[in-house]
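Remarks on the overall topology
Next come the chains, spelled out residue by residue.
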Number of protein chains: 2
Amino acid sequence: MAGYTIVLDAMGGDNAPRCNVEGAILALGQDKDLKLVLTGKQDQLNKLLDECRSQGQTWDENRLAIVHTEEVIENEEHSPAEAVRAKRNSSLSVGCQMVRSGEADGMVSAGNTGAVLSGGTLLIGRIKGVQRPALTLPLPTGNPPTVMVDVGANMDAKASYLVQFARMSTIYFRELYGVEKPRVALLNVGVEEGKGTELTKEVYDLLKADEAINFIGNIEAREVLMGASDIVVCDAFAGNVFLKTVEGTAKFIMNQLKAGIKDSFKAKIGALLMKKTLKGLKNSLDPSSVGGTPLLGVKGALIKAHGNSDAIAIMNAIRQCAMFISTGVNDKIAESIRG
Amino acid sequence: MAGYTIVLDAMGGDNAPRCNVEGAILALGQDKDLKLVLTGKQDQLNKLLDECRSQGQTWDENRLAIVHTEEVIENEEHSPAEAVRAKRNSSLSVGCQMVRSGEADGMVSAGNTGAVLSGGTLLIGRIKGVQRPALTLPLPTGNPPTVMVDVGANMDAKASYLVQFARMSTIYFRELYGVEKPRVALLNVGVEEGKGTELTKEVYDLLKADEAINFIGNIEAREVLMGASDIVVCDAFAGNVFLKTVEGTAKFIMNQLKAGIKDSFKAKIGALLMKKTLKGLKNSLDPSSVGGTPLLGVKGALIKAHGNSDAIAIMNAIRQCAMFISTGVNDKIAESIRG
C-alpha cells in the first residue's frame, strides 16, 4: 500500500488535545506511510504544535493536516447517539464523515465510547452483510493477548450477531497477530455443552457448526485471564460485567493491601520493596497500555482509544489503526460475511 | 422457638463425610436449641463419630441422629436435576424429603450446587406465589456483607423474577443483619436510568415502583465489591460471570505477583514480609469463610455450603440455617409475596 490517511479525533479523551497532538507526532515519526488529519479546534491545535516545535520537535509537515471543527462531544453527553447526530461539526462526527467519504481510511478517537460506537454505526456505516458492529478489547493475558468481543456495542444480542463477532474477530486476530486459526471460546457459566441461557445454547450450536471458526467450546469467566483462548465471544452486557469486575476486583485487592499495610510495619516495608512488582501489575491491567480497540464491522478502520490515553497510548492506537488498514482486515471480513 | 431440626447432608462436599461430622459436633456445642439429623452412610458416619469420641469429644447424643442413605450425588453428575430425581435414596434427596414433610425445618448441603438447587425446587418446593427460587451469596465487602442474588438458579430470568429476588433478599438481609431498609441495587452497565438490556430496563422500572424495596438504582460491576449497596440483584448468568471474574482476577493478580517475585530478590523479601497481608486477603475472597448461601423462596431453610467447606464452614452454614429458621424469614417472604 502506497500510504494511508488516518483521522485523529484531536478533541476526544481526558487528556485532549495535548496528548493527542503529542501522540500524533510520535506516530508520524515511526511510520513513513502514515498521513494524519487532526480534527479539532484549529487555534488550540496550532498552538500545541508550535509548542512542540519550540521544544525542538520535528515531523514531516506534509503528512500532518488539521481540519477545523467547532463542536466537541463531551464524556458526559446524556445520549451519545444523539450528540453524534446533533453535533455534525464535532471533531468526532467530521472524522467519521471523512472515513465514510473515503477521504480517510480510518479514525482513532479516545472520546466518549458510546459516541464512537454511534459514529461508527450511524455515520461511517456497516460493511454489507454485517448485522451489528462489535467492540473488541485485548486483555493482558500474554503475547498475543486474548481478544474479548463484544464489550460495548450490543446490549440485546441475537445468536447470529455473536457468530458474526466470532468470524470478524477471527480475521482480525489472524491479521494482527499472525495466528492462522485463533481459538474461539464462548463465555458461559460452565464448560459443558448445553450450559447457560437460551442465547448461549443457540450460539454454541452455531459456532460448533461454522467451519470458518476454530471453536473450542465454552469458557468460564474465571479462565479468561488465564489465556485459555485467543478470542472470547460474549454479548456486551456480559462483556461489560466481566471488564468492570476485573477493574473492581483489582481495586478491592489494592485497598485490602493498603489496609493491611497500615496494620503492620513489617508489611509496610515489604510493600515498599514490592513497589516495582505492583507497578508492573497495575500496567498489565491498564487498558491504555494496550493501545486501542477496534469496532469491527464498520466500513473504515475505527479504533477507540482508552479515555485517559496519554501520548504513548494515542500513538499505539494510531499504529493499530494503520495495521488494521494495511492488512486489509475489512476486505477479508466482507468476504467472510458474504461466504 | 422451642427448638428446630436441621438436616445435614453428610455426604455432600469435597471433604465429606469427615468435615461434615466434625462441623455438626461443633454446631451442637454452640446451640442448645439445635437438633441435627445426618443423612448418609450409617457405617461411615458411626465410625467417624466413634473416632471423635475416642479423641475425647462430647456432645448431646439426644440431639444428633443418623438417617441411613445408600446413594450419593456426585460433584460430576452430568445432569444434577436428573440425579436428584433418580437417586431418591441419596443423602441430599432424603434430606429434602424430610424438609418437605416437616420432619426437619431446614437443610445444609455442601454438595453439587445444581443438585441442591434442583432438590430445593423439585423436592422441597416453592413458597406459594414465588415464581423462582434464587441463590444468594454474601460478598466480603464489610460487616454486614453485600448480598448478591441470583448467583445460580435462573439462567433465563424474567423481570418479575428479579423483583421477587429483591423482595426476598430484602427480608433475608433485614432479619439476618438487622438493617431495616437494606439498599437494593440492580447490576447494570451504567448507573443512569435507561441503561442496559430490555430486561434490566424493565426491572429498573418495576423496582423503582415497588414500595417494599429500598431501590437505590443501577450499580456497575466495578462498584459491587466497594460495598456501594447491601443487595445486588442480577440474573444468574451475570451473577456467575461476576463471581468467576472475581475469582479469576484474584488468581491472575497472585500469579503476576509470583512472577514478579521471581524476578527480583528485593520483591521476594517484600513478599515474605507481606505474607500476613496476602493471607488475610485470600480469606476475604474465600466463599467458605462466609459459611453458606441460602436458596430463597423454597419452603424450608435450604443452605448451600461451599463445596470445599471444612468443619468450621459447615458449622457456620448450620448456624446460618438456624438463624434463617428462628427469625421466621420464610413466613415473612410468604407475606411479602402475597401482599
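Computed from a predicted structure; not experimentally measured.

1. What about helix 4 (residues 91-101) of chain A?
Residues and elements named next belong to chain A. Along helix 4, 8 of the 11 residues are buried, which leaves the element largely enclosed by surrounding structure. For helix 4, the complete set of buried residues consists of Ser-91, Leu-92, Ser-93, Val-94, Gly-95, Cys-96, Met-98 and Val-99. Residues of helix 4 that are buried in the fold lie against strand 1 (4-9), strand 2 (34-40), strand 3 (64-68), helix 3 (80-86), strand 4 (106-109) and helix 5 (113-124). In the stretch just after helix 4, Gly-102 is the one whose phi turns positive, near 90°.

2. Looking at the environment of Arg-100 of chain B
All names here are of chain B. Structurally, Arg-100 can be placed in helix 4 (residues 91-101). Residue Arg-100 is classed as exposed on the basis of its relative accessible area, which comes to 51%. If we skip the residues at most four places from it in the chain, Arg-100 touches Leu-122, Leu-123, Ile-124 and Gly-125.

3. Let's talk about the pattern of salt bridges
Per the stated rule, a full pass over the model turns up 28 salt bridges over all chains. The salt bridge partner of Asp-210 of chain A is Arg-167 of chain A, with a shortest N-O separation of 3.0 Å. Of this pair, Asp-210 of chain A sits in the loop between helix 7 (198-209) and strand 8 (214-219) while Arg-167 of chain A sits in helix 6 (residues 159-177), placing them 43 residues apart in sequence. Each member of the pair, Asp-210 of chain A together with Arg-167 of chain A, is buried. The shortest N-O distance in the salt bridge between Lys-208 of chain A and Glu-193 of chain A comes to 3.2 Å. Taken together, the residues span a long stretch of sequence, with Lys-208 of chain A in helix 7 and Glu-193 of chain A in the loop between strand 7 (183-187) and helix 7 at a distance of 15 residues. Owing to a relative accessible area of 52%, Lys-208 of chain A belongs among the exposed residues under this scheme. One continuous salt-bridge network, built from bridges that share partners, spans Glu-220 and Arg-222 of chain A together with Lys-244 and Glu-247 of chain B.

4. Some remarks on the sheet that holds strand 9 (residues 231-233) of chain B
Hydrogen bonding along the main chain pairs the strands of a sheet, whether they run parallel or antiparallel. All names here are of chain B. Strands sit in the order 3-2-1-4-11-10-5-6-9-7-8 across an open sheet of 11 strands; the sheet is mixed. Each having just a single partner strand, strand 3 (64-68) and strand 8 (214-219) make up the two edges of the open sheet. Taking the axes of each pair of neighbouring strands and ignoring which way they run, one obtains an average angle of 25° across the sheet. Inspection of the sheet shows strand 1 (residues 4-9) paired to strand 2 (residues 34-40) by 6 bridges, in the parallel sense. Bridging across to strand 2, Tyr-4 finds its partner in Leu-34. Of the strands in this sheet, strand 1, strand 2 and strand 3 touch helix 1 (residues 18-30), which is tilted by about 170° from strand 2.

5. Digging into helix 1 (residues 18-30) of chain A
Residue and element names in this part refer to chain A. In this model, helix 1 (13 residues) spans 19 Å end to end at C-alpha, consistent with the 18 Å of a helix rising 1.5 Å per residue. Restricting attention to buried positions, one finds in helix 1 the residues Cys-19, Asn-20, Val-21, Gly-23, Ala-24, Ile-25, Ala-27 and Leu-28. Along its buried surface, helix 1 packs onto strand 1, strand 2, helix 2 (42-54), strand 3 and helix 12 (311-326).

6. Considering the state of the cysteines
Residue and element names in this part refer to chain A. Here the structure, examined in full by the defined rule, presents 0 disulfides over all chains. Its sulfur unpaired, Cys-19 is 10 Å from the next cysteine sulfur, which belongs to Cys-52. Cys-96 takes part in no disulfide bond, and the closest cysteine sulfur, belonging to Cys-321, lies 12 Å away. A residue is classified by how much of its surface remains accessible, and Cys-96, at 0% relative accessible area, is buried.

7. Quick notes on the sheet that holds strand 4 of chain A
Residues and elements named next belong to chain A. Taken in spatial order, the 11 strands of this open sheet run 3-2-1-4-11-10-5-6-9-7-8, and their pairing is mixed. The open sheet has two free edges, formed respectively by strand 3 and strand 8, since each of these has just one partner strand. Geometrically, the sheet is characterised by an average inter-axis angle of 25° between neighbouring strands, direction not taken into account. Sheet analysis places strand 6 (residues 146-149) next to strand 9 (residues 231-233), joined by 3 bridges and oriented parallel. In the strand pairing of strand 9, Met-148 is matched with Val-232. Against the sheet, helix 12 contacts strand 1, strand 2, strand 4, strand 10 (292-296) and strand 11 (301-305), and its axis sits at roughly 145° relative to strand 1.

8. Some details on the environment of Val-203 of chain A
Residue and element names in this part refer to chain A. Mapping Val-203 onto the fold places it in helix 7. Accessibility expressed as a relative area gives 0% for Val-203, which makes it buried. Sequence spacing of Val-203 and Asn-20 is 183 residues, and the spatial spacing of their C-alpha atoms is 40 Å. Sequence-distant contacts of Val-203, that is, excluding residues within four places in its chain, are made with Ala-159, Leu-162 and Leu-186.

9. Thoughts on the packing of aromatic side chains
Residue and element names in this part refer to chain B. Under the defined criterion, the tally for this structure stands at 6 aromatic pairs over all chains. Between Phe-173 and Tyr-177, the aromatic rings sit 4.7 Å apart at their centres with planes inclined by 55°, giving tilted as the arrangement. In this pair, Phe-173 and Tyr-177 are both assigned in helix 6 (residues 159-177), 4 residues apart and thus about one turn of the helix distant.

10. Quick notes on the nonpolar core
The biggest cluster of nonpolar side chains holds 86 residues, and the ones touching the most others in it are Leu-187 and Phe-242 of chain A together with Leu-187 and Phe-242 of chain B. The contacts of Phe-242 of chain A, once residues within four sequence positions are left out, are Leu-139, Met-148, Ala-221, Val-224 and Leu-225 of chain A together with Val-241 and Thr-245 of chain B.

11. Quick look at the packing of helix 6 of chain B against helix 13 (residues 329-338) of chain B
Residues and elements named next belong to chain B. At their nearest, the axes of helix 6 and helix 13 sit 10 Å apart, and the two run at 145° to each other. Where helix 6 crosses over helix 13, the handedness of that crossing is right-handed. Contacts between helix 6 and helix 13 involve Gln-164, Arg-167, Met-168, Ile-171, Tyr-172 and Glu-175 on the former and, on the latter, Val-329, Lys-332, Ile-333, Ser-336 and Ile-337. Considering only residue class, the contact of helix 6 with helix 13 consists of 6 nonpolar, 2 polar and 3 charged.

12. Comments concerning the packing of helix 4 of chain B against helix 5 (residues 113-124) of chain B
Angle between the axes and distance between the axes: these two values describe a pair of packed helices. Residue and element names in this part refer to chain B. Between helix 4 and helix 5, whose axes approach to 9 Å, the crossing angle comes to 35°. When the axes of helix 4 and helix 5 are compared, the crossing they make is right-handed. Touching Leu-92, Ser-93, Cys-96, Gln-97, Val-99 and Arg-100 of helix 4 are Ala-115, Val-116, Gly-119, Gly-120, Leu-122, Leu-123 and Ile-124, all from helix 5. Class assignment of the residues belonging to the contact of helix 4 with helix 5 gives a composition of 8 nonpolar, 4 polar and 1 charged.

13. Things to note about the pairing of strand 4 of chain A
All names here are of chain A. Neither face of strand 4 is left uncovered, since the one carrying Gly-106 and Val-108 and the one carrying Met-107 and Ser-109 both have all their residues buried. The pairing of strand 1 with strand 4 spans 3 bridges and is classified as parallel. In the sheet register, Leu-8 faces strand 4, and the bridge partner there is Val-108. Across 4 bridges, strand 4 lies against strand 11 in parallel orientation. Following the sheet pairing, Gly-106 is matched in strand 11 by Ala-301.

Calculation notes
Residues numbered from 1 in each chain as written. Chains lettered and ligands numbered in written order. Predicted model: local features only at pLDDT ≥ 70, side-chain atom pairs only at ≥ 80, totals over all residues. Heavy atoms only, no water. Buried < 20%, exposed > 50% of the residue type's maximum accessible area, 1.4 Å probe, protein only. Helix = DSSP H or I, 4+ residues; strand = E, 2+ residues; numbered from the N terminus. Contact = heavy atoms within 4.5 Å. Salt bridge = Lys/Arg side-chain N within 4 Å of Asp/Glu carboxyl O. Pairing = 2+ DSSP bridges. Axes fitted to C-alpha atoms, helices over the stretch in contact; angles between N-to-C directions. Expected span 1.5 Å × (residues − 1). Disulfide = S-S within 2.5 Å. Phe/Tyr/Trp six-rings, centres within 6.5 Å; stacked < 30°, edge-to-face > 60°. Core = buried A, V, L, I, M, F, W, Y, C linked by side-chain atoms within 4.5 Å. Left-handed = near helix turned anticlockwise from the far one by under 90°. Nonpolar A, V, L, I, M, F, W, Y, C, P; charged D, E, K, R; others polar.

In short, the description is geometric, and any link to function would need to be established separately.
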